[in-house]
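One letter stands for each residue in the lines below.
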Amino acid sequence: MTASDDEPLLRATDLEKHYTTADGFLDRLLGRGQTVRAVDGVDLEIREGETLGLVGESGCGKTTLGRTLLGLLDPTGGTVTYRDTELTNCARAELRELRTEIQYVFQNPMASLNPQLTVGEIVGEALSVHDIVPPERRDERVRDLLETVGLRAGHASRYPHEFSGGQRQRIGIARALAVEPSLIVCDEPVSALDVSVQAGILNLLSDLQEQLGLSYLFIAHDLSVVEHVSDRVAVMYLGKLVETGTTAEVFDSPSHPYTEALLSAIPEPDPCWAGDRIVLEGTVPSPTDPPSGCRFHTRCPRVIPPAEYDLEEDAFRAIMTLRTRLADADPDAGLEALCSRPDRSEDLTATLREAYDIPRRLQDPDAEAALSDALESAAAGDLDAARERLASAFETPCETSEPALSAGPDHHPIACHRFDDRYELDDAETDASIEHDDRFARGSQP
Amino acid sequence: MSDRRPTTERGRIRIVGFDDADSSQRDSDGSPERTDAGPQSPTGATGATGAAEPVETELEGTERHRLADAWHRFRRNRAAMVGLAVIVVMAVLAVFARPIEVSTAEYTIAIQPVSLVPHDPHQPAVGPANAPPSLEHPFGTDWAGRDQFARVLVGGRYTLGIGLVAVLLALCVGIPLGAIAGYFGGWVDEVVMRIVDVLYAFPFLVLAIAIVPILEPIPVLGEGFWTVVVALVVTGWIGYARLLRGEILSVREREYVTAASALGVPDRTIIRRHVVPNAVAPVVVQATLNVGTVVLAAAALGFLGLGLEPGSAEWGAMLSRGRDSLAQGHWHITAFPGLAIFLFVLAINLVGDGINDALDPHRDVSDDRRRMR
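Residues numbered from 1 in each chain as written. Chains lettered and ligands numbered in written order. Predicted model: local features only at pLDDT ≥ 70, side-chain atom pairs only at ≥ 80, totals over all residues. Heavy atoms only, no water.

Secondary structure summary: chain A contains 16 helices and 10 strands in total. Residue burial in chain A is summarised as follows: out of 446 residues, 58% are buried. Sequence-distant contacts in chain A: of pairs separated by 6 or more residues, those separated by 24 or more amount to 66%. (Helix = DSSP H or I, 4+ residues; strand = E, 2+ residues; numbered from the N terminus. Buried < 20%, exposed > 50% of the residue type's maximum accessible area, 1.4 Å probe, protein only. Contact = heavy atoms within 4.5 Å.)

The next subject is the overall build of chain B. Within chain B one finds 14 helices and two strands. Within the span of chain B, comprising 373 residues, buried residues form 43% of the whole. In chain B, once contacts between residues fewer than 6 apart in sequence are set aside, the share between residues at least 24 apart is 65%. In the structure as shown, chain B presents an accessible area of about 19,700 Å², 63% of it carried by carbon and sulfur atoms. (Areas by Shrake-Rupley, 256 points an atom, 1.4 Å probe, with all protein chains shown as cover.)

Residue and element names in this part refer to chain A. With respect to topology, four strands assemble into an open sheet ordered β2-β1-β4-β5, the strand pairing being antiparallel. Edge positions in the sheet fall to β2 (35-46) and β5 (85-86), since each of these pairs with one other strand and no more. Packed onto the sheet, helix α2 (residues 62-70) meets β1 (10-20), β2 and β4 (77-82) and runs at close to 120° relative to β1. (Pairing = 2+ DSSP bridges. Axes fitted to C-alpha atoms, helices over the stretch in contact; angles between N-to-C directions.)

Moving on: the side chain of A:S377. Residue and element names in this part refer to chain A. If you trace the backbone, S377 turns up in helix α13 (residues 365-379). With a relative accessible area of 16%, S377 lands in the buried category. Among the polar contacts made by the side chain of S377, one reaches the main-chain carbonyl oxygen of D373 at a distance of 3.0 Å. (Polar contact = N/O pair within 3.5 Å; in protein donor to acceptor, adjacent residues only side chain to side chain.)

Here we take up the UniProt feature "transmembrane region" (unreviewed entry) in chain B. Residue and element names in this part refer to chain B. Taken from the UniProt record, the annotation "transmembrane region" (unreviewed entry) applies to residues 79-97, 160-186, 198-218, 224-244, 279-308 and 328-351. Along residues 79-97 the backbone is 95% helical and 0% strand, and the end-to-end C-alpha distance reaches 26 Å. Between the end C-alpha atoms of residues 279-308 there is a gap of 36 Å, over a span that is 80% helix and 0% strand. (UniProt positions renumbered as here; feature names shortened; annotations may be inferred.)

Residues and elements named next belong to chain B. Here helix α8 (residues 225-251) is 27 residues long and its end C-alpha atoms lie 38 Å apart, about the 39 Å a rise of 1.5 Å per residue gives. The sharpest bend along α8 reaches about 30° and sits at V234. Burial within α8 is extensive, with 19 of its 27 residues counted as buried. (Expected span 1.5 Å × (residues − 1). Bend = angle between axes of the 7 residues up to and from the residue.)

All names here are of chain A. Mapped onto the fold, G56 is located in the loop between β3 (51-55) and α2. Residue classification places G56 among the buried positions, given a relative accessible area of 3%. Distance in space between the C-alpha atoms of G56 and K240 is 9.9 Å, their sequence separation being 184 residues. Apart from residues lying up to four places away in sequence, G56 is in contact with K62, A220, H221, M236 and Y258.

Moving on, we come to a negative patch on the surface. A contiguous patch of negative charge on the surface is contributed by A:E281, A:D310, A:E312, A:D314 and A:D357. Of note, A:D314 is situated in helix α11 (residues 313-328). (Patch = residues over 30% accessible without salt bridge, like charges linked within 9 Å, V, L, I, M, F, W, Y side chains within 5 Å. Salt bridge = Lys/Arg side-chain N within 4 Å of Asp/Glu carboxyl O. Lys, Arg positive; Asp, Glu negative; His and termini not counted. Charge placed at Lys NZ, Arg CZ, Asp CG, Glu CD.)

So, on to the packing of aromatic side chains. All names here are of chain B. Enumeration over the complete set of coordinates arrives at 11 aromatic pairs over all chains. Arranged with centres 5.0 Å apart and planes meeting at 85°, the rings of F139 and F149 form a pair that is edge-to-face. Here F149 lies in helix α5 (residues 148-184) and F139 lies in the loop between β2 (108-112) and α5, a separation of 10 residues in the sequence. Relative accessible area serves as the criterion here: at 19%, F139 is assigned to the buried category. (Phe/Tyr/Trp six-rings, centres within 6.5 Å; stacked < 30°, edge-to-face > 60°.)

With that settled, the discussion passes to unusual backbone geometry. Residues and elements named next belong to chain A. Positive phi is not limited to glycine here, since R83 has a value of about 45°. Relative to the assigned elements, R83 resides in the loop between β4 and β5. With a phi angle near 50°, L238 is a residue other than glycine that sits in the positive phi range. Classification of L238 by relative accessible area gives buried; the value is 2%.

On to the pairing of strand β1 (residues 100-103) of chain B. Residue and element names in this part refer to chain B. The sheet contact formed by β1 and β2 spans four bridges and is antiparallel. By the bridge assignment for β2, E101 is matched with A110. Connecting the antiparallel pair β1 and β2 is a turn made up of four residues.

Residue and element names in this part refer to chain A. For the structure on display, the rule yields 22 salt bridges over all chains. Taking the shortest distance from any N to any O, the salt bridge between R11 and E45 comes out at 2.9 Å. Here R11, found in strand β1, pairs with E45, found in strand β2; they are 34 residues apart in sequence, far enough to count as distant. In this structure, the salt-bridge partner of E180 is R141, at a minimum N-O distance of 3.3 Å. Of the two residues, E180 is situated in the loop between α6 (165-178) and β7 (183-187) and R141 in helix α5 (residues 138-148); the sequence distance between them amounts to 39 residues. Judged by its relative accessible area of 47%, E180 falls in the partly exposed class.

Turning to the pairing of strand β9 (residues 232-237) of chain A, a few remarks are in order. Residues and elements named next belong to chain A. With six of six residues buried, β9 lies mostly within the body of the structure. Across the two faces of β9 the burial is the same, with R232, A234 and M236 and V233, V235 and Y237 all buried. Of the pairings in the sheet, the one linking β3 to β9 comprises four bridges and is parallel in character. Within β9, the position partnered with L52 by the bridge is R232. Pairing between β9 and strand β10 (residues 240-246): six bridges, direction antiparallel. Residue pairing across strands places Y237 opposite K240, the latter belonging to β10. Adjacent in sequence and paired antiparallel, β9 and β10 are bridged by two residues, among which L238 carries a positive phi angle near 50°.

With that settled, the discussion passes to the state of the cysteines. All names here are of chain A. Counted under the stated rule, the structure contains zero disulfides over all chains. The structure places no disulfide on C294, whose sulfur is separated from the nearest cysteine sulfur, that of C398, by 5.6 Å. Residue class for C398 comes out buried when judged on its relative accessible area of 6%. (Disulfide = S-S within 2.5 Å.)

Residue and element names in this part refer to chain B. Within the fold, D142 resides in the loop between β2 and α5. A distance of 2.8 Å separates a polar side-chain atom of D142 from the backbone nitrogen of R146. When neighbours within four sequence positions are excluded, D142 is seen to be in contact with A129, N130, Q148, R151 and I333.

So, about the sheet that holds strand β8 (residues 215-220) of chain A. All names here are of chain A. The strand order β6-β7-β8-β3-β9-β10 describes an open sheet built from six strands, whose pairing is mixed. The strands lining the two open edges of the sheet, one partner per strand, are β6 (102-105) and β10. Ignoring which end each strand starts from, the neighbouring axes of this sheet average 15° apart. Along the sheet face, helix α10 (residues 257-264) touches β3, β9 and β10 and points at about 105° away from the line of β9.

Before going further, it helps to spend a moment on the nonpolar core. Grouped together as the largest cluster of nonpolar side chains are 158 residues, with contacts concentrated most on A:V123, A:I173, A:F394, B:I162, B:W315 and B:F344. Element by element, the count of residues in this core is highest for α8(B), at 14 residues. (Core = buried A, V, L, I, M, F, W, Y, C linked by side-chain atoms within 4.5 Å.)

A separate point is α11(A). The end-to-end C-alpha distance of α11(A) is 22 Å, a good match for the 22 Å that 16 residues give at a rise of 1.5 Å each. Taken as a whole, α11(A) has its buried residues at A:E313, A:A315, A:F316, A:R317, A:A318, A:I319, A:M320, A:T321, A:L322, A:R323 and A:L326.

Here we come to a nonpolar patch on the surface. All names here are of chain B. On the surface, V88, V89, V92, L93, V95, F96, V114 and L116 cluster together into a nonpolar patch covering about 580 Å² of accessible area. Along the chain, V88 falls in helix α4 (residues 78-96). Relative accessible area serves as the criterion here: at 44%, V88 is assigned to the partly exposed category.

Below, the structure written as structure tokens:
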């Protein structure tokens, strides 16, 4: 709400967190490990009093980003700055002091409370560690906190297993509040809860924000929840942010194709609603070997066709799917890698076109020549040749250059070449394609 | 009446009422007293003073709650209760068999004046040598005419004492080392666990036998009791350290440990409050069961003539001395100390199983034992 231009509360610059799969001395010696780029160059700002929603599908690095921001994980690269303090090169003691400023609410309330301690001990621990309240007033403070989060003061003497999931999440929130933080990272705080309980927790969080002036980083994969609580939204894909902006900007004029696909997946209670879901092709690529250029180009429904051809978006998407499949295919697997039942009797190239929804004849003659050339080699069983032919003929700017998160309108950066001035030609074509394509029903005004 | 045509516009149906007070009625997780309506003060001072007193007593009540629960489960376990009774009886008999006296230069002060048996266990020729059990000497007499009954009862002091002290000291070494190795990992873990591996490479008893002569010249350890204890601690802590480290490897990944470090709790407090209490249950069970093993080992050392001075009324040493008499047909000299060892080890194992069930009803004790091997 207070989108002031002041210094942000927390700022992450080019934050990276890589894991290695190397396990043990021998792996390290032989260099067998692969690097998992869980968070790969994220810039993020959280301002005072605002809620930043962080969305993305499972495994895209949301939790790793949240924990790295807190210093629970050591970043591989980049910096995190809280007000004027840089967390990344803080001494341990300093970092411990900063824990009173930034707190964390966990996803699974069943696992985040120590079963051996009473609720009072769990909430009171922070008070004694940071000496926030003198010892004689701690019990009282714990009871206050419990009441603040909507529990009874008498619950302080009970054990976590005596509570329901929603109540435990309230205890987790009370624990985070105990140190009087100004920023709370909520890691999917409601996704483990029953829907009716979710609303209660969300309302509690927004009440607390009003009373205490908290800022939240709200990590979630449920977009309707994010829409409900967030002032700004950041969309994450495969360790990178693809779009940030105010909730209204992101939700009302979706811009990055990935955001569009995510938004189309929100369930709509209207029985007359006939909007199409955008179903993304394939699975999320492995973060050990992310795609070059724009990481989304292997699945993007609106990947930019090469400038030299005049191709329809659908047709080019189909060709891209075939290319991705070829790239992933085992070279010895033969045609089975491409389509399930290569029928010898028919024209193989036609079968392949059908399997990948490629039109029988492309608009552009040059493109058509290149495609049929590649399909012939594929049909002849030479997948390598087909792959190379396709790769050289249909090279999209999305795979060669990495989009920056600064493109697009002000305050609403989008990491997509469609919003980059250098590809302006394509933008014009995008608008045209949207008008005849009612899948993107909300329309986009880039 | 309504627009039934298909539409692609979202948001025509809106679900409202989340923010109303009545939605809290359906919020099944909130307590009935929850006050959703109206902003609460951040400190929420209302009602805190009024509730203070009952809370205090409630707190007192549930502090014991978990242990009381475990004790309740333990009491329902009949075998464990029998074992406990046997141990208690043996301990009482050992303590009250003969007076315990502390002698200084001038005075002799009796700490425990009760004497259940009339004869001194070390006094020879209180009766005929190798006499079979009679009313005068219920367990008979040994080769020197010493009263066997008194020797078996007083021998319990050594055996029970060695068992308990050795296991407690081994826990004091094993738990901190295992916890540090498991929690911090890295080179600390490597160093501690390699030491454990080296010690594990020796058979338990052989290592103890090797250690006793090394320790014997050390004057501080004195009369043998402490030599045996130290030998058993050196060989005993490795099991606890390895078991606890394994448990901690899984516990330290739990979210409440991450939560504690996110709160800025120092590592040593995390280990003490969050990690060890959640990982220590199998170690406690193992330790209880090990008391039996340690007693057997002490008896074995006594049998081999190591540790305690010859002629002391230790059950293992009595068995050792009784070998010759057994060949002569005097069964009672070895039967009673052997029976005492058997009873005590059986009882401690029953108690160990009972503690295991009481601490965690879902854990399988045989599983723990397998893990130890």
